[in-house]
Amino acid sequence: MAEIKEMRSPESTIQPYISPYETRAEFTPRAVLLGGFFGILFGAVTVYVGLRAGLTVSASIPIAVLSISILRAFGKASILENNIVQTTGSAGESVAGGVIFTVPALIFLGFPMEVSRIFLLALVGGWLGVFFMIPLRRQLIVKEHENLLYPEGTACADVLIAGDKGGSFASRVFMGLGIGGVYTFFQNENLFASWSSTPTYDPSWLPGSSIRGNTTSEYLGVGYIIGPRIAGVIFAGGVMAWMVVMPTIKFFGSKLAAPLYPGTKLIADMSPSELASTYIRPIGAGAVAAAGLITLLKTMPTIIGALKAGMKDFSKSTAEAASEKRTDSDLSMKIAMGGVALVLVMIVLMLTFKPVPGAYTGFLANICAAIFIVIFGFLFVTVSSRITGLIGTSSNPISGMAIATLMATCAVFLLLGWTAAAYGALAITIGGVVCIASANAGNTSQDLKTGFLVGATPRYQQMGLMIGVFISVLAIGYTLRFMNQGLEQIKPFPARTMDVSHLPTGIEDKGEFKRDKFRVTLDSTKKPHVMSQDEKPGADFEVVHSLGANELPDGDYLYNTQTKQVEYQWVQGIGSEDASAPQAKLMSTIINGILNHRLPWGLVLIGVFLVIGVELLGVRSLSFAVGFYIPMATTLIMFVGGIVRWLVERQATKRGGTAEESDVSPGSLFASGLIAAGGIVGLTGIGIKLAESWDWITPGKLVMQFSKNARTSDIIGVITFAALAFALYHFANKPLDESAEVKK
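Here is a short report on the structure shown in this document. (Residues numbered from 1 in each chain as written. Predicted model: local features only at pLDDT ≥ 70, side-chain atom pairs only at ≥ 80, totals over all residues. Heavy atoms only, no water.)

Among all residues except glycine, the phi angle is most often negative; among peptide bonds, the trans geometry is most common. Cis rather than trans, the peptide bond between Y261 and P262 has omega equal to 5 degrees. Position of P262 among the secondary structure elements: in the loop between α11 (217–253) and α12 (272–298). One non-glycine residue with positive phi stands out, namely A193, at about 50 degrees. For K564, which is not a glycine, the phi torsion comes out positive at approximately 55 degrees. In this structure, K564 sits in the loop between β8 (555–560) and β9 (565–571). (Helix = DSSP H or I, 4+ residues; strand = E, 2+ residues; numbered from the N terminus.)

Here it is, written out as structure tokens:
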């Protein structure tokens, strides 16, 4: 029996690629610096793509592929160095995913989103995920090697091993990066804007509907990577919203003589975009909330099993003595527990001495928040690690865990009578840190699995992860701020007389609008002009925020204290059509619904029961709900990417090859390049727009329109996008060089 047990032990049967007793260059300055660079780069790209598309894509494999080629260019590189690069760099992507799902909810709740606050929340959340995984690594990654496969981590190990044997995949990624970058420079509305970035057709035969596509390279790449099945379900949600529900609202509501709540404008006068923002968003929020909870309930047996096993794993790991082998050398338990204690203190200090502006809470509430974070953090870090081991990072219900945390937290706050707006900000702080910790724990587990297979030193990986988190969080914070500022619009609003000293329920005075001048978008072409407050005598504006009010749709407005009227709507960049941030909007909806009971519950419940019906059909309701919430312009292009992958797989089947595309296939690598190109160049465009707003560049100076006719511009946009999609199809069908194959 002892022999059988010995045979089944992963520690005795699994031999890593590099022997535990062999020493190679690993935690080198160049590996850490390159990993930090990739952490900044892919952290920023993940923020950009995630806020716009509503989902994120793993960065480990693209980073590993690029690292192999870059380090090889600087001389002989060790596989362990490349592993440190991808471990350090991928921390930025995972932390960014947790941040964008939760922290922007502060904007929707009417609070400022400071870079310093994002930095602190992301730092403590990211580190918490690493600290909790230190004692769990040996049990989850090593002892349960046969049960917990960690698919992305295993695929990344295959890439690193192939690269160490002389293979190179990077040319296909660079090809996608180059073609996607050139395309985006001409396509992006903030750069050359050579053609329509979002070709649109509003059918007269179906009033209220709209068919549109934001023809970006990143949406095409995301659609290809997630595949035709998921992309199709997401697009089905968009079709339901834009081609079924919106025309229905228009049909039945066009004869109404008064606005229908939560709208403040006649339905007959609403454009498709206005219908979507007024009615589809609340329905979609209910749908995403219900789908997230359903996903959580469906994985509850796994979660309960993971929690029970995790508690056992934790006690086992603390009791086990350290091994002599290099590959068993973790950071000590003193560092892990000391790190958790440090995070606890940092949270209390942050909430006490640097609270969210306008959201001060007492010391007792701050202590409770820190305790909640540690309890929920440990629970969902354990769960996240096991779930990613079973079904992969892409299927990890991070948003569902954040929803559960927020609902439990808000329920306790409600019982204690903590229902003021400040406690909403405190709740999102708790949910945000837990979500970031869970997201990074899943990524950490995948990285540690990669390290286990290639023969890395765990403590070096854990140190790399902590460094990667620290380096990338600043980039994440500034990217969020730049997107919020660069994509904002201030639009004329039908004058609404109000007394700022006696505002209606749900509307709050946020104080002076601290700008000398601001841009006003006059029409749908989004071509602003500069208006200085000094040029408008007596124009003394204040900011008022509406949340669940009958008089104004949710959002920020500029109130003229001289005329005592609301004159402009201040559409924040995050939450706009260009960066809808569906998960963060959902978090604010949950908080507002539980603590303040101010929601259009009729619309929210429609979304809930819509998702229940979809779930009964056997369809993945969370993908459908996200597709319902985000604009059709996004879902349509992702669906095109999914169709391209379907065609590629069909062609592969005809050739007698493998039908299913892998994470390291030519098409997936090219698509990763498209995503990176769209994110990098797109952020460049936002930087240009900010420079224009600061009067560093003349507005519109870079524009190189091929045609000023809207219809012609739309046609050019469709043709150029079709060419990009064909390029993806072509390079996906073109085999990699033989040197890129894994040599066995």
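An order of β3-β9-β8-β7-β4 is seen for the five strands of this open sheet, with the pairing classed as antiparallel. Of all strands in the sheet, those with a lone pairing partner are β3 (489–497) and β4 (507–512), marking the two edges. Averaged over all pairs of adjacent strands, the angle between strand axes in this sheet comes to 30 degrees, irrespective of strand direction. Two strands pair when backbone bridges link them, and β4 and strand β7 (residues 541–546) are joined in this way by five bridges, in the antiparallel orientation. (Pairing = 2+ DSSP bridges. Axes fitted to C-alpha atoms, helices over the stretch in contact; angles between N-to-C directions.)

All right, on to the pairing of β8 then. Counted residue by residue, β8 has six buried out of six residues, so it is predominantly covered. Across six bridges, the pairing between β7 and β8 is antiparallel. Within β8, the position partnered with H545 by the bridge is D556. Sheet analysis places β8 next to β9, joined by five bridges and oriented antiparallel. For Y557, the partnering residue across the bridge sits in β9 and is Q569. Hairpin connection of β8 to β9: four residues between the antiparallel strands, including K564 at a positive phi of 55 degrees. (Buried < 20%, exposed > 50% of the residue type's maximum accessible area, 1.4 Å probe, protein only.)

In total, this model carries 15 salt bridges according to the counting rule given. We note a salt bridge from E114 to R117, for which the minimum N-O separation is 3.0 Å. We classify R117 as buried; its relative accessible area is 3%. Here D330 and R137 are joined by a salt bridge, their closest N and O atoms 2.6 Å apart. A residue pair is termed long-range when its members are at least 10 positions apart, and D330 in the loop between α13 (300–319) and α14 (333–353) and R137 in helix α8 (residues 137–143) qualify at 193 residues. Exposure remark for R137: the relative accessible area of 2% places this residue in the buried category. Each of E22, R24 and D164 takes part in a single network of salt bridges with overlapping partners. (Salt bridge = Lys/Arg side-chain N within 4 Å of Asp/Glu carboxyl O.)

Across all of its chains, the model carries 24 aromatic pairs by this definition. Measuring from ring centre to ring centre gives 6.0 Å for Y183 and W195, while their planes differ by 45 degrees; the resulting arrangement is tilted. One end of the pair, Y183, is in helix α10 (residues 170–187); the other, W195, is in the loop between α10 and β1 (200–201), with 12 residues separating them in the sequence. Exposure remark for W195: the relative accessible area of 8% places this residue in the buried category. Centre to centre, the rings of F185 and F192 are 6.1 Å apart; their planes meet at 40 degrees, and the pair counts as tilted. Directly above the ring of F111 sits K510, whose terminal nitrogen or CZ lies 4.7 Å from the centroid. In this structure, R645 packs its charged tip against the face of Y224, placed 6.0 Å from the ring centre. (Phe/Tyr/Trp six-rings, centres within 6.5 Å; stacked < 30°, edge-to-face > 60°. Lys NZ or Arg CZ within 6 Å of the ring centre and 35° of its normal.)

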